[in-house]
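Residue-level structural notes
Chain by chain, the residues run as shown.
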Amino acid sequence: MKCIYLLLTLILSNSVFSQSDVFKHYTLHDSQLKSFQLHLLTSDSTAVKPLMVYLDGSGNFPIYYKTKSGKYSTSIPIDLKKYSKNYHIVLISKPGIPFKDSLQVAPSGRRFYPVSENYTTLYSLDWRAETASKAINFFIKKLPVNKKKIVVMGYSEGSQVAPKVAVLNKKVTNVVCIVGNALNHFYDFLINTRLDVIKNKISPQEGQSIIDSLYTDYEKIHEDPLSTKKTWYGETYLKWSSFSRTTPLENMLKLKIPILYIAAGKDNNQTIIDMDYAKLEFIRQGKKNLTYKVYPNSNHYFQEEETKDGKTVTVDRIDEVHQFAIDWLNTH
């Protein structure tokens, strides 16, 4: 998967800003993970309800961030208020990143958030998976949780993390992975380069040169996998190596619990070619616990181009996707 920010920008106004204020915040401490922040949204903390840990995508943005216009947006694409009626929902801030803050704007106009030392030294697949596992253990003790339904749902990079959480924590009953790679995320760069050659976007010679360069970069990363000083595409070697030590598919195959895997057919950020292999491997191994759902006309954000009255319009299906996931959870 390409290293991108998951900016499923719900052009948010004061209602979303108010929504961000109804969370309860907790800080946990661990000798290896250091301090990490959990954020709980639930309509009734005294009611027995399933627990859902929602893992957002890549990047170091705060969960709620103020844009140049002064409005708030979020990297969490699910309708939190809607589903907090039936779930205790938990979000987790990335290391060294506050729950809510303003973004900065570079001279080029690019929005960014300053990279903290904690983010640089801690951010990895292991950090994300282990904090999520500890969050589950914490809230099972803190809240009246229906232990028959403990869900980890991940979007984009969060989709890579979700199966790992279930491998670590046997209390997890269901996993939902949305538009995240199944195979080694480095492989996507190779696939996309080969596709560019096939589509005549670049010459075969240019494509092979890129491929050779990628392999050289990959060798460097795996020769120094714990480095937090060396970076590639804006992220540390530690981050890249941790996400390729085991693949999401390897972790999925370790699980016996129900897994929902959702792909987008026109995804330019996460190629579906990589994702398709997961279903094939489950079939090959005779495993029946994977549901594979594809939205063939959607991009990474589940937006689709449709023609109405002679005009091309963008249709947003992200709410439909999450409702499909919730309906699936109700029957699995």
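First, a word on what this report is: a plain description of the structure on this page. What you see is a predicted model, and the numbers here were worked out from it, not measured in a lab.

1. What about the pairing of strand E10 (residues 145–155)?
- Where burial is concerned, most of E10 is hidden: eight out of the eleven residues are buried.
- Judged from the six bridges that link them, strand E3 (residues 49–55) and E10 form a sheet pairing that is parallel. In the strand pairing of E10, Met-52 is matched with Val-151.
- On the question of chirality, the crossover connecting E10 to the parallel strand E11 (residues 174–178) by way of helix H5 (residues 157–168) is right-handed.

2. Observations concerning the sheet that holds E10
- The strand order E1-E2-E6-E3-E10-E11-E14-E15 describes an open sheet built from eight strands, whose pairing is mixed. Strands with a single pairing partner mark the edges of an open sheet, and in this sheet they are strand E1 (24–30) and strand E15 (290–295). Taken over all neighbouring pairs, the strand axes of this sheet differ in orientation by 20 degrees on average, direction set aside.
- Alignment of E11 against strand E14 (residues 259–264), held across four bridges, turns out to be parallel. Its bridge partner being in E14, Ile-178 is matched across the sheet by Ile-262.
- In the packing of helix H10 (residues 272–284) onto the sheet, contacts are made with E14 and E15, and the angle to E15 comes to roughly 150 degrees.

3. As for the packing of aromatic side chains
- Taken as a whole and judged by the stated rule, the model has 22 aromatic pairs.
- Arranged with centres 5.7 Å apart and planes meeting at 75 degrees, the rings of Tyr-218 and Trp-232 form a pair that is edge-to-face. Placement of Tyr-218 in helix H7 (residues 204–223) and of Trp-232 in strand E12 (residues 231–232) is noted, with a sequence separation of 14 residues between them. Here the two residues Tyr-218 and Trp-232 agree in accessibility, since each one is buried.
- Chaining the aromatic ring pairs together yields one cluster made of Phe-186, Phe-189, Tyr-215, Tyr-218, Trp-232, Tyr-233 and Trp-240.
- The lysine or arginine in question, Lys-293, covers the ring of Tyr-295, its NZ or CZ lying 5.1 Å from the ring centre.
- Across the ring face of Phe-324, the terminal group of Lys-293 is positioned such that the distance to the ring centre comes to 5.1 Å.

4. Quick word on the nonpolar core
- By size, the foremost hydrophobic cluster in this structure holds 48 residues, and its most contacted members are Leu-55, Ile-136, Val-165 and Val-175.
- When residues of this core are assigned to their parent elements, the largest contribution, eight residues, is made by helix H4 (residues 125–142).
- With 32 residues, the next largest nonpolar core counts Ile-262, Ala-264, Tyr-295 and Ile-326 among its residues.

Conventions used here
- Residues numbered from 1 in each chain as written.
- Predicted model: local features only at pLDDT ≥ 70, side-chain atom pairs only at ≥ 80, totals over all residues.
- Heavy atoms only, no water.
- Buried < 20%, exposed > 50% of the residue type's maximum accessible area, 1.4 Å probe, protein only.
- Helix = DSSP H or I, 4+ residues; strand = E, 2+ residues; numbered from the N terminus.
- Pairing = 2+ DSSP bridges.
- Right-handed = clockwise from strand over helix to strand, strands pointing away.
- Axes fitted to C-alpha atoms, helices over the stretch in contact; angles between N-to-C directions.
- Contact = heavy atoms within 4.5 Å.
- Phe/Tyr/Trp six-rings, centres within 6.5 Å; stacked < 30°, edge-to-face > 60°.
- Lys NZ or Arg CZ within 6 Å of the ring centre and 35° of its normal.
- Core = buried A, V, L, I, M, F, W, Y, C linked by side-chain atoms within 4.5 Å.

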